[in-house]
Amino acid sequence: MGAQPTSEIEARLRRALSQRAIGLHYQPIVTLPSARPVAVEALARWSDQTLGDVPPDSFIPVAESSGLIHALGAHVLELACRATQAWSNGVRPQTRVSVNVSPLQLANDTFVWQVAAALEESGLDPRRLVLEITESAALGDMNEAAARLHALRSLGVRIALDDFGIGHSPLSLLRRLPIDIMKIDRSFVARVHENARDAVIVRLLIDTAHSLGLSVCGEGVETREQARQLVALGCDTAQGWFFGRPEPASSDLTAELHPPPG
Ligand code: C2E
Ligand code: CA
Ligand code: CA
Ligand code: CA
């Protein structure tokens with residue numbers, strides 16, 4: 001897509017939302033070292049008649065600045081919970097779904113209710129839902145964010161800290177927020193197999209997470225070498241093109257078995 005004024009993207013996005021034309025692709029998350037799929041991450045997809053395929057890195061910021069993020073977030077939660085519940089009768093009834101949550105959604109008073117409603121409406125077991133949050137100034141009051149995450153966890157939902165390591169104060173988030181899963185940002189994974197310094201840092205992140213009782217997911221794994229190194233460093237799960245690309249729900253992602261990295 002070419003350069004478009006934000007107001008045009010915003011107008012088209014508003015329309016797409018009212019027509020429920022935003023869809024989801026699902027990317028497998030596998031357990032290590034077996035590479036067995038245990039979850040999928042839901043990723044928003046928008047294909048506009050005039051703008052073409054608009055990547056989420058372009059439209060999520062517009063949704064955030066226009067306030068559309070709340071409607072978009074509710075729509076995404078609903079789709080993800082329904083699709084995952086629909087897979088329950090398939091070969092992998094236990095597969096979890098991980099949904100991205102904007103810090104602005106988390107800061108909204110009605111968010112916990114919205115999650116409860118999506119679970120209720122779809123019939124999905126709350127233990128199969130993971131919410132991915134990122135560090136951001138928009139998280140606002142830390143105590144409030146922590147209280148809200150505790151409320152979500154008491155529904156049975158798990159919390160993942162996304163893009164871990166590239167934010168401003170990752171350790172302070174670990175200290176203050178109730179987190180179940182650490183997702184190591186793909187910038188650390190990129191050279192983990194060839195750069196000793198990066199490997200030391202990833203090991204430190206994994207050991208820290210484990211000491212705190214968290215599970216660790218390595219993001220953006222593109223090669224067998226990266227996957228093997230993550231196994232060697234004790235990483236619990238992984239996600240990336242090596243294991244599978246994001247795909248529409250129609251292809252039964254979770255049935256597919258990828259050969260283990262070792
Ligand atoms: P993210 O949450 O960090 O999602 C992972 C991104 O990395 C996805 O990009 C995915 O397609 C891409 N990816 C996965 N494996 C690989 C790999 O091996 N190599 C490389 N280079 N990339 C890989 P995508 O789908 O374009 O999404 C970009 C970002 O947009 C997401 O980053 C997330 O922050 C945001 N986003 C996507 N969907 C939603 C949504 O429903 N709600 C919100 N709030 N944000 C979303
Ligand atoms: Ca994510
Ligand atoms: Ca990420
Ligand atoms: Ca991101």
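Scroll up a little and you will see the structure.
First things first, this report covers the structure right here in the doc. (Residues numbered from 1 in each chain as written. Chains lettered and ligands numbered in written order. Predicted model: local features only at pLDDT ≥ 70, side-chain atom pairs only at ≥ 80, totals over all residues. Heavy atoms only, no water.)

1. Side note on the overall build of the protein
Then step 1. If you tally the helices and strands in the protein, you get 10 helices and 10 strands.
Then step 2. Along the first, second and third principal axes, the C-alpha set of the protein runs to 50 × 40 × 40 Å.
Then step 3. Evaluated residue by residue, the protein yields a buried proportion of 47% over its 262 residues.
Then step 4. Long-range pairs, those at least 24 residues apart, make up 68% of the contacts in the protein with a sequence separation of at least 6.
Then step 5. On the protein, roughly 12,300 Å² of surface is accessible, and the fraction owed to carbon and sulfur atoms is 51%. (Helix = DSSP H or I, 4+ residues; strand = E, 2+ residues; numbered from the N terminus. Buried < 20%, exposed > 50% of the residue type's maximum accessible area, 1.4 Å probe, protein only. Contact = heavy atoms within 4.5 Å. Areas by Shrake-Rupley, 256 points an atom, 1.4 Å probe, with all protein chains shown as cover.)

2. A closer look at the site of ligand 1
Then step 1. Not every one of the 21 residues close to ligand 1 is listed here, only the nearest: Gln-27, Arg-45, Asp-162, Glu-222 and Trp-241.
Then step 2. Contact between ligand 1 and Gln-27: a nitrogen atom at 3.0 Å from a side-chain N or O atom of the residue.
Then step 3. One of the side-chain nitrogen or oxygen atoms of Asn-100 is found 3.0 Å away from an oxygen atom of ligand 1.
Then step 4. The fraction of the free accessible surface of ligand 1 (800 Å²) that becomes covered by protein chains is 84%.
Then step 5. Judged by its atoms lying within 2 Å of the grid points, ligand 1 is housed in the largest pocket. (Near = heavy atom within 4 Å. Polar contact = N/O pair within 3.5 Å; in protein donor to acceptor, adjacent residues only side chain to side chain. 1 Å grid on protein atoms, 1.4 Å probe; cavity = no way out; pocket = protein on both sides within 12 Å on 5 of 7 lines; lining within 4 Å. Sits in = over half its atoms within 2 Å of the grid points.)

3. Quick word on the coordination of the calcium ion (ligand 3)
Then step 1. The protein atoms that coordinate the calcium ion (ligand 3) are Asp-162 (OD), Asp-163 (OD), Glu-219 (OE) and Glu-219 (OE), at distances of 2.2 to 2.4 Å.
Then step 2. The sequence motif formed by the donor residues of the calcium ion (ligand 3) is D-D-x55-E.
Then step 3. Here the calcium ion (ligand 3) and the calcium ion (ligand 2) are spaced 3.9 Å apart, and both take Asp-162 as a donor. Taken as a pair, Asp-162 in strand β6 (residues 158-164) and Glu-219 in the loop between β8 (215-218) and α10 (224-232) lie far apart in primary sequence, 57 residues in all. Residues Asp-162 and Glu-219 agree in their burial class; the two are buried. (Donors = N, O, S within 2.8 Å, 3.2 Å for Na, K, Ca; no water.)

4. A word on the layout of surface pockets
Then step 1. One number sums up the size of the largest pocket: a volume of about 1,300 Å³.
Then step 2. Around the largest pocket sit 43 residues that line it, and Leu-43, Asp-57, Asn-100, Asp-162 and Asp-163 are the ones nearest its centre.
Then step 3. For the lining of the largest pocket, the secondary structure elements donating two or more residues are β1 (22-31), β2 (36-48), α2 (56-66), α3 (69-86), α4 (103-106), β6 and α7 (170-176).
Then step 4. Classifying every residue of the lining of the largest pocket gives 20 nonpolar, 11 polar and 12 charged.
Then step 5. Put simply, the second largest pocket is a space of about 210 Å³.
Then step 6. Counting residues per element, the ones that place at least two in the lining of the second largest pocket are β2, β4 (96-100), β5 (129-133), β7 (181-184) and β8.
Then step 7. Split by residue class, the lining of the second largest pocket holds 7 nonpolar, 3 polar and 3 charged. (Points joined across faces, edges and corners; volume = space filled by probe spheres on them. Nonpolar A, V, L, I, M, F, W, Y, C, P; charged D, E, K, R; others polar.)

5. Section: the pairing of β1
Then step 1. Counted residue by residue, β1 has 8 buried out of 10 residues, so it is predominantly covered.
Then step 2. Relative to β2, β1 is paired through 10 bridges, and the arrangement is antiparallel. Counted as the bridge partner of Thr-31 is Arg-36 from β2.
Then step 3. Counted between consecutive antiparallel strands, the loop separating β1 from β2 contains 4 residues, among which Ala-35 sits at a positive phi close to 65 degrees.
Then step 4. Note that β1 and strand β10 (residues 247-248) share 2 bridges and pair antiparallel. Bridged to His-25 within β10 is Pro-248.
Then step 5. Bridge count between β1 and strand β9 (residues 237-239): 3 bridges; the pairing is antiparallel. If you follow Thr-31 over to β9, its bridge partner there is Thr-237. (Pairing = 2+ DSSP bridges.)

6. Let's talk about helix α9 (residues 196-211)
Then step 1. The end-to-end C-alpha separation of α9 is 22 Å, in line with the 22 Å expected for 16 residues at 1.5 Å each.
Then step 2. Among the residues of α9, those classed as buried are Asp-198, Ala-199, Val-202, Leu-205, Ile-206 and Ala-209. The buried residues of α9 occupy one face: seen down the axis, they fall within an arc of 125 degrees. Exposed residues lying more than 90 degrees from the buried face of α9 are Ala-196, Arg-197, Val-200, Leu-204 and Ser-211.
Then step 3. Each element contacted by the buried residues of α9 is listed here: β6, β7, α8 (186-189), β8 and α10.
Then step 4. At the N-terminal boundary of α9, the capping side chain belongs to Asn-195, with an oxygen 3.0 Å from the backbone nitrogen of Arg-197.
Then step 5. Remark: Gly-213 follows α9 within two positions and exhibits a positive phi of approximately 80 degrees. (Expected span 1.5 Å × (residues − 1). Arc of directions from axis to C-beta.)

Honestly, that's just the spatial picture; any functional story needs more than this.
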